[in-house]
Amino acid sequence: YVVADTAFIGTLGTDALAAATFVAPLFFLVMALTMGLGTAVTAMVAQAVGRGDAESADAVAGTAISAGILLGLVVGVAGLLAGPRMLTLLGAEGDVARLGWEYFRVLALFMPLFFVSSVLRAILTGEGDAKTPMIVLMVSTISNIGLDALFIFGFGLGLRGAAYATVLAVVISASSFAVLLLRRKEAFVKLRVSALTPRVVVLKPLLGLAVPIAASMFVMSVGTIFYNLLLSDFGSVSVAAYGAASKVDMIVVLPIFGLAGAAVTVVGMFAGAGRVDLVRSTSLYTYRWAITLAAVIGGAAFLSSGAILPIFTDDPEAILIGTTYLGFMIFAYPMMAIGMTTGRLLQGLGHGFPALFITTLRVLLVGVPMAYAQVNIFDQSIEGVWIGILSGGVAATITSGLMIRHLMWKSDPTRKVGPRHA
């Protein structure tokens, strides 16, 4: 949705693209919460499948749906009340701030839909059904592209049109998931009204996974805010360039994200069944392909940046800055793959906090301070920010290796979720 919206928003001018870039950290917070809850649901349902415990899987699904609705309402109200102020704090001014609020206000009004859609998708993924969510999300994404064109160009609604398109696309996905889950005849997880009552015995481990996952994405959002603030000193074109190039990041990372996300389900099932050997072999397989994909797709993205970046912006200076950024990211993508894969594997095993620590180290403890030092102490240009991002990746990669060695190979990786032994 975000990539499609940005492609259309880029045609509205630099101010519109800069506004969407300032909104991105706020929307990323929403994604953090939905992703945290969704990943926790996937892991816990997969673990229940591995144990053959259908009752627990049903309880996880019902509790997560109720929690998602409540959380969506809270976030939506908070966004409506504090949205303009947050955009100002992020550095948006004048027309950029006004445009950003037009965009975010629509999203905030329909926030519960994002959470419900994420939970319903996660239930299917936890059962091992990745094909159905793929089809549903493909349909909703294509719909979003068509609706972007209709609302932005056909109705002339600008940034508000992009938000309307996203909301309607999420309506399509959420309603499709709900119908599929309720109408299917044979399934491990069965949605029942009685299961919607939150259970403390389920809510505690669910939040134990969801909170650190969401917090790690929150940390990434905070990092984006700091990077935007550093880049704003170089002008709105630099912020817009980072916004456009970061969408290329998303294109590169999506296959890796999908691979690592699949590992949550598979590793969770094997851990639930107590199969240490399959947990470890799956982990090695995932690392190998994640690093390969990151290197190949990242290199291709840089080499074709002259053709990709104009999709998101037509400003020559922004394209030049974005190309330089992607040149640095060639080296960062494989390290991102290692960190992302480590976090997902450990989440599948029931460990939530390692991913949070890795992300915090990469972004707030190393990346942002290094970028700040490069720009404000060593008087580097924009490249100083890119050096900071790269430095954070190095630190996270080393830490990921140490963590996975300790939790996966030096100890029993199934101990948190595997079957109990007498």
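Residues numbered from 1 in each chain as written. Predicted model: local features only at pLDDT ≥ 70, side-chain atom pairs only at ≥ 80, totals over all residues. Heavy atoms only, no water.

## Quick look at a nonpolar patch on the surface
Selection criterion: The patches reported here contain residues having more than 30% relative accessible area and no salt bridge. Joining distances are 9 Å for like charges and 5 Å for nonpolar side chains (Val, Leu, Ile, Met, Phe, Trp, Tyr). Here the open area of atoms and residues is found with the Shrake-Rupley method and a 1.4 Å probe, where only the protein chains shown may cover a residue. Take a side-chain nitrogen of Lys or Arg and a carboxyl oxygen of Asp or Glu: if they are within 4 Å of each other, that pair is a salt bridge. By the criteria applied, helices consist of DSSP H or I runs no shorter than four residues and strands consist of E runs no shorter than two, each listed in order from the N terminus. Partly exposed residues are those whose accessible area sits between 20% and 50% of the maximum for their type, while under 20% is buried and over 50% is exposed, using a 1.4 Å probe and protein chains only.
Judged by side-chain polarity, M134, I135, M138, V139 and I142 come together as a nonpolar surface patch covering roughly 470 Å² of accessible area. In this structure, I142 sits in helix 6 (residues 131–154). On the accessibility criterion, I142 (55% relative accessible area) is exposed.

## Description of the confidence of the model for the protein
Rule in force here: One number per residue, pLDDT, summarises how confident the predictor is, and it ranges from 0 to 100.
Looking at the protein, pLDDT values average 89 and 98% of them are 70 or higher. Taken element by element, the predicted model of the protein shows its lowest mean pLDDT in helix 1 (residues 2–9) (75) and its highest in helix 10 (residues 276–303) (96).

## Some points on the packing of helix 2 (residues 14–51) against helix 12 (residues 316–348)
Selection criterion: Axes here mean lines fitted to C-alpha atoms, for a helix over just the part in contact, with angles spanning 0 to 180 degrees between N-to-C directions. By definition in this entry, angles of less than 35 degrees are roughly parallel, angles greater than 145 are roughly antiparallel, angles of 65 to 115 are roughly perpendicular, and the rest are oblique. Here, two residues are considered to be in contact whenever any of their heavy atoms come within 4.5 Å of each other. Residues were grouped as follows: Ala, Val, Leu, Ile, Met, Phe, Trp, Tyr, Cys and Pro as nonpolar; Asp, Glu, Lys and Arg as charged; and all remaining residues, including Gly, as polar.
Orientation of helix 2 relative to helix 12, taken along the N-to-C sense of each, is 50 degrees, at an axis distance of 9 Å. Relative to helix 12, helix 2 is oriented oblique. On helix 12, the residues touching M35, T39, A43 and Q47 of helix 2 are R344, Q347 and G348. Looking at side-chain class alone, the contact of helix 2 with helix 12 contains two nonpolar, four polar and one charged residues.

## A short note on the environment of Q380
Mapped onto the elements, Q380 comes out in the loop between helix 13 (353–377) and helix 14 (383–409). The contact partners of Q380, leaving out residues within four places of it in the chain, are F234, Q374 and V375.

## Observations concerning the pattern of salt bridges
Pairing between side chains of opposite charge can happen when their charged atoms approach one another. Taken as a whole and judged by the stated rule, the model has three salt bridges. Here R98 and D95 are joined by a salt bridge, their closest N and O atoms 3.8 Å apart. One end of the pair, R98, and the other, D95, are both in helix 4 (residues 94–109), three residues apart, so they sit about a helical turn from each other. The exposure class of R98 is partly exposed, given its relative accessible area of 43%. Among the charged side chains, a network of salt bridges with common partners joins D95, R98 and E102.

## Description of the packing of helix 8 (residues 200–232) against helix 14
How we decide: If you view the pair so one helix is near and one far, a crossing is left-handed when the near helix is turned anticlockwise from the far one by less than a right angle, and right-handed when it is turned clockwise.
The contact between helix 8 and helix 14 brings their axes to 10 Å, and the two run at 160 degrees. Considering their axes alone, helix 8 and helix 14 lie roughly antiparallel with respect to each other. Once helix 8 is placed against helix 14, the crossing between them reads as right-handed. Of helix 14, the residues touching helix 8 (which contributes Y227, L230 and L231) are V385, W386 and I389. Within the contact of helix 8 with helix 14, the residues separate by chemical class into six nonpolar, no polar and no charged.

## What to know about the packing of aromatic side chains
Under the convention used in this document: Two aromatic rings from Phe, Tyr or Trp, using only the six-membered ring of Trp, form a pair when their centres are within 6.5 Å; if the ring planes differ by under 30 degrees the pair is stacked, by over 60 it is edge-to-face, and anything between is tilted.
Under the counting rule described, the total for this entry stands at eight aromatic pairs. Aromatic pair F8 and F153: ring centres 5.8 Å apart, planes at 55 degrees, arrangement tilted. Separated by 145 residues along the polypeptide, F8 in helix 1 and F153 in helix 6 bring together distant segments of the chain.

## Here we look at the environment of F270
Here F270 is to be found in helix 9 (residues 236–272). Here the alpha-carbon distance between F270 and Q47, two residues 223 residues apart in the chain, equals 7.7 Å. Apart from residues lying up to four places away in sequence, F270 is in contact with R275, L278, V279 and T282.

## What about helix 9?
One turn of an α-helix holds 3.6 residues; hence residues three or four places apart share an orientation. Worth spelling out the cut-off: By this rule, a helix spans an expected 1.5 Å times one less than how many residues it contains. To get the bend at any residue, fit one axis to the seven residues that end at it and another to the seven that begin at it, then take the angle between the two axes.
Here helix 9 is 37 residues long and its end C-alpha atoms lie 50 Å apart, about the 54 Å a rise of 1.5 Å per residue gives. The largest bend in helix 9 amounts to roughly 40 degrees and is located at V253, with the proline P255 lying one to four residues further along. Two residues or fewer after helix 9 comes G274, characterised by a positive phi angle close to 75 degrees.

## A look at the side chain of T286
To keep it simple, the criterion reads: Here a polar contact is recorded for every N or O atom pair within 3.5 Å, except that within protein the pair must consist of a potential hydrogen donor and a potential acceptor, and residues adjacent in sequence are included only if both atoms are side-chain atoms.
Of note, T286 is situated in helix 10. The buried category is assigned to T286, whose relative accessible area is 3%. A polar contact is formed between the side chain of T286 and the backbone oxygen of T282, at a distance of 2.8 Å. The residues contacting T286, other than those within four sequence positions of it, are L259, A260, A263 and T341.

## Things to note about the nonpolar core
Test applied: Definition of nonpolar core: a set of buried residues of the types Ala, Val, Leu, Ile, Met, Phe, Trp, Tyr and Cys, connected through side-chain atoms within 4.5 Å.
Residues Y103, V248, Y325, V385 and W386 are the most contacted members of the largest nonpolar core, which totals 72 residues. Setting aside residues no more than four positions away along its own chain, V248 makes contact with A301, I308, L309, F312 and L326. Counting residues in hydrophobic clusters, the runner-up holds 28 residues, among them L37, A57, L124 and F177.

## Structural notes on the environment of L120
Structurally, L120 can be placed in helix 5 (residues 111–126). In the structure, L120 is positioned 67 residues away from D53 in sequence and 19 Å away in space, judged by C-alpha atoms. If we skip the residues at most four places from it in the chain, L120 touches I65, A174, F177, A178, L181 and L191.

## A closer look at unusual backbone geometry
Despite not being glycine, D379 shows a phi value in the positive range, around 55 degrees. Relative to the helices and strands, D379 is located in the loop between helix 13 and helix 14. The exposed category is assigned to D379, whose relative accessible area is 64%.

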